[in-house]
Amino acid sequence: MDCPYCQSQQVVKNGRESLSDGTVLQRYRCKGCSKCFNDRTGTPMARLRTPSSVVATALNGRSEGLGVRATGRLFGTSHSTILRWEERLARQANTWSPPAPGEQAVTLEGDEVYTRVGENVPPASSQGWTIHFIERQSRYWVSAIAGHKDELLFQRGTQQAWQWAQACSYIRWFTDGEWRYAKALWDLASVYLVLRNSPSAYRTRKVWRYGLEVAMKVKGSQGLRRIVWVRPEHPYTAVSPLAEVHANHNEAHNAALRRRCSAYRRRQNLYAKTQDGLQRALDVQRIIHNWVRPHWGLGKQTTPTMAIGLYSRPLSTHELLGMRGFPCISS
Ligand SMILES: [Zn+2]
C-alpha cells in the first residue's frame, strides 16, 4: 500500500482502530514522511467511525429524492449528520469531474432551474437558481452551479462546462434564449481569424473556435420557440440541421432533477436554506448520476461516465466512498 501523502511504498503497520459497527481498520505509518493513515485516509470516509455501507445507503436514498429529515429518521440520526455525510462526498466533486476525452463530438445543452432557497423572496433576488449543462448523447451531467441569476452565475456555469468540453474536436453548444450564456462563452472560446481577401494583410476578425457551433432557442411572443445561431462561427465549422438543435433533452433532465432532488420539489424548502446547501445537494446528485446510476436510455448497465468514455463500468456509491478519487480508465 502506498502512502496517500507522499506516495512512498515504505509503510509499516501501526496498530488498529475500530468503527462503530465493530469493523477493524488497520493503521499504517509511512517511513518516508512519518504520517499515519488508514484505508479511509483521503477518501470521503476519512476520520468517520460510521461504516461506509450506512453512509452509502443514506446518500442513495437522498439521490432518489428522500428528504434530509426523512433520511435522518430512517437511519436513527439527526438531519445535520446526513448533511455532513453529503458534504463529505460533495467536497470531492472536482475530483469526480474529469474533462471529456478529446477527439470526439459532443452536444452540450444548457438550461436554468429554479427552487426557493431560504427566505421567501422574489425569484429575481433569490439564490435558488441553478445553471446546468448536460451532454446530449451520453447524458453526462457536465456542470451544475447554484446562486443568484446574475452575470457571475452565467460566467461560472459556462466556464465549468467549457473546461469540460474544450478538448473535444467538435462541440455543439445549445442553450435557451439567455444571451448571457453566449456572452460568457465568447470570452472563453472565440479566436482571431486573419482575413485573406481584405485589402490589408493584417485585418482580423473574431469568430468562434473551429469546431464550435453555438445556437439558442429564443421564446417568441406566442410561446413558440425559434432557433437563433450565434454567429460568427469559424468558416470551416459545419452547421447542424435545424431539427437537431430543436431536440431538447434537458427538459427531461429537469423533470428527473425535480423528482430525485428533494430541494427542487418542495415549495417550502426545508433544508436547502442556503446556496451552499443547494450546491452540496447538486454535487452529490451529479456524482451519483454520472458514475453510479445506469441511465435507462443508454442501454443495459451503462452510466453516463461509461457512455462518454471516461470509465468502464458502473461504480456503487459504497465503492466511491472508499476511493481517493477518479479511477484510471483501465482499472
Ligand atoms: Zn508518506
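Scoring rules and cut-offs
- Residues numbered from 1 in each chain as written.
- Predicted model: local features only at pLDDT ≥ 70, side-chain atom pairs only at ≥ 80, totals over all residues.
- Heavy atoms only, no water.
- Pairing = 2+ DSSP bridges.
- Helix = DSSP H or I, 4+ residues; strand = E, 2+ residues; numbered from the N terminus.
- Axes fitted to C-alpha atoms, helices over the stretch in contact; angles between N-to-C directions.
- Domains from an automatic or database assignment.
- Buried < 20%, exposed > 50% of the residue type's maximum accessible area, 1.4 Å probe, protein only.
- 1 Å grid on protein atoms, 1.4 Å probe; cavity = no way out; pocket = protein on both sides within 12 Å on 5 of 7 lines; lining within 4 Å.
- Points joined across faces, edges and corners; volume = space filled by probe spheres on them.
- Nonpolar A, V, L, I, M, F, W, Y, C, P; charged D, E, K, R; others polar.
- Polar contact = N/O pair within 3.5 Å; in protein donor to acceptor, adjacent residues only side chain to side chain.
- Contact = heavy atoms within 4.5 Å.
- Arc of directions from axis to C-beta.
- Core = buried A, V, L, I, M, F, W, Y, C linked by side-chain atoms within 4.5 Å.

1. What to know about the sheet that holds strand β4 (residues 105-114)
Strand pairing in a sheet is mediated by backbone hydrogen bonds. Such pairs are either parallel or antiparallel.
Point 1. The 6 strands are arranged β6-β5-β4-β7-β10-β11 in an open sheet whose pairing can be described as mixed. Strand pairing shows two members of the sheet lacking a second neighbour, β6 (141-147) and β11 (225-229), which therefore form its edges. Direction aside, the axes of adjacent strands within the sheet are offset by 20° on average.
Point 2. Examined bridge by bridge, β4 and strand β5 (residues 129-135) share 7 bridges and lie antiparallel to one another. Each bridged residue has a counterpart across the sheet, and for Glu112 the counterpart in β5 is Ile131.

2. A short note on the domain arrangement of the protein chain
Point 1. By domain assignment, the protein chain separates into domain 1 (1-39) and domain 2 (105-269).
Point 2. With centres defined by C-alpha atoms, the gap from domain 1 to domain 2 works out at 45 Å.

3. Remarks on the pairing of β5
Point 1. When you tally the buried positions in β5, you get 7 out of 7 residues, the bulk of the element.
Point 2. Here β5 shows two buried faces, one formed by Trp129, Ile131, Phe133 and Glu135 and the other by Thr130, His132 and Ile134.
Point 3. For β5 and β6, the ladder comprises 6 bridges, and the chain directions are antiparallel. Paired with Ile131 across the two strands is Ile145, which belongs to β6.
Point 4. Hairpin connection, β5 to β6: the antiparallel pair is bridged by 5 residues, and Arg139 has positive phi, about 65°.

4. Overview of the layout of surface pockets
Point 1. Roughly 430 Å³ of volume is contained in the largest pocket.
Point 2. In terms of lining residues, the largest pocket is bounded by 19 residues, among which Ala256, Arg260, His289, His295 and Trp296 are the most central.
Point 3. Taken together, the elements giving at least two residues each to the lining of the largest pocket come down to α7 (250-260) and α8 (275-292).
Point 4. For the lining of the largest pocket, the element with the highest residue contribution is α7, accounting for 7 residues.
Point 5. By residue class, the composition of the lining of the largest pocket is 8 nonpolar, 6 polar and 5 charged.
Point 6. In this structure, the second largest pocket occupies an estimated 270 Å³ of space.
Point 7. Along the wall of the second largest pocket there are 15 residues; nearest its centre are Glu17, Arg27, Asn38, Thr41 and Arg47.

5. So, the pairing of β11
Point 1. Sheet topology places strand β10 (residues 212-219) next to β11; 5 bridges connect them, and they run antiparallel. By the bridge assignment for β11, Ala215 is matched with Trp229.
Point 2. Hairpin connection from β10 to β11: 5 residues lie between these consecutive antiparallel strands, with Gly223 at a positive phi of about 80°.

6. Some points on the side chain of Glu233
Point 1. Within the fold, Glu233 resides in the loop between β11 and α6 (242-246).
Point 2. At a separation of 3.5 Å, a polar atom in the side chain of Glu233 contacts the side chain of Arg231.
Point 3. What Glu233 contacts, discounting residues up to four positions off in sequence, is Val207, Trp208, Leu212 and Val239.

7. A short note on empty space enclosed by the protein
Point 1. Counted according to the given criterion, the structure contains 2 cavities of 30 Å³ or more.
Point 2. The volume enclosed by the largest cavity comes to roughly 50 Å³.
Point 3. Taken together, 10 residues make up the lining of the largest cavity; nearest its centre are Arg62, Glu86, Ala281, Val284 and Gln285.
Point 4. The set of elements that each furnish at least two residues to the lining of the largest cavity consists of α1 (52-63) and α8.
Point 5. Looking at the lining of the largest cavity, its residues break down into 5 nonpolar, 2 polar and 3 charged.

8. Here we look at helix α5 (residues 179-189)
Point 1. Among the residues of α5, those classed as buried are Tyr181, Ala182, Ala184, Leu185 and Ala189. Viewed end-on, α5 has its buried residues packed into an arc of 165°, placing them on one side of the element.

9. Looking at the nonpolar core
Point 1. By size, the foremost hydrophobic cluster in this structure holds 31 residues, and its most contacted members are Leu108, Trp164, Trp173 and Leu212.
Point 2. The element best represented in this core is helix α4 (residues 151-165), accounting for 6 residues.
Point 3. Beyond its immediate sequence surroundings of up to four residues, Trp164 is in contact with Pro98, Pro99, Ala100, Val106, Leu108, Glu135, Tyr140, Val142 and Ile308.
Point 4. Met45, Val55, Ala58 and Val284 belong to the second-largest nonpolar core, a separate cluster that totals 24 residues.

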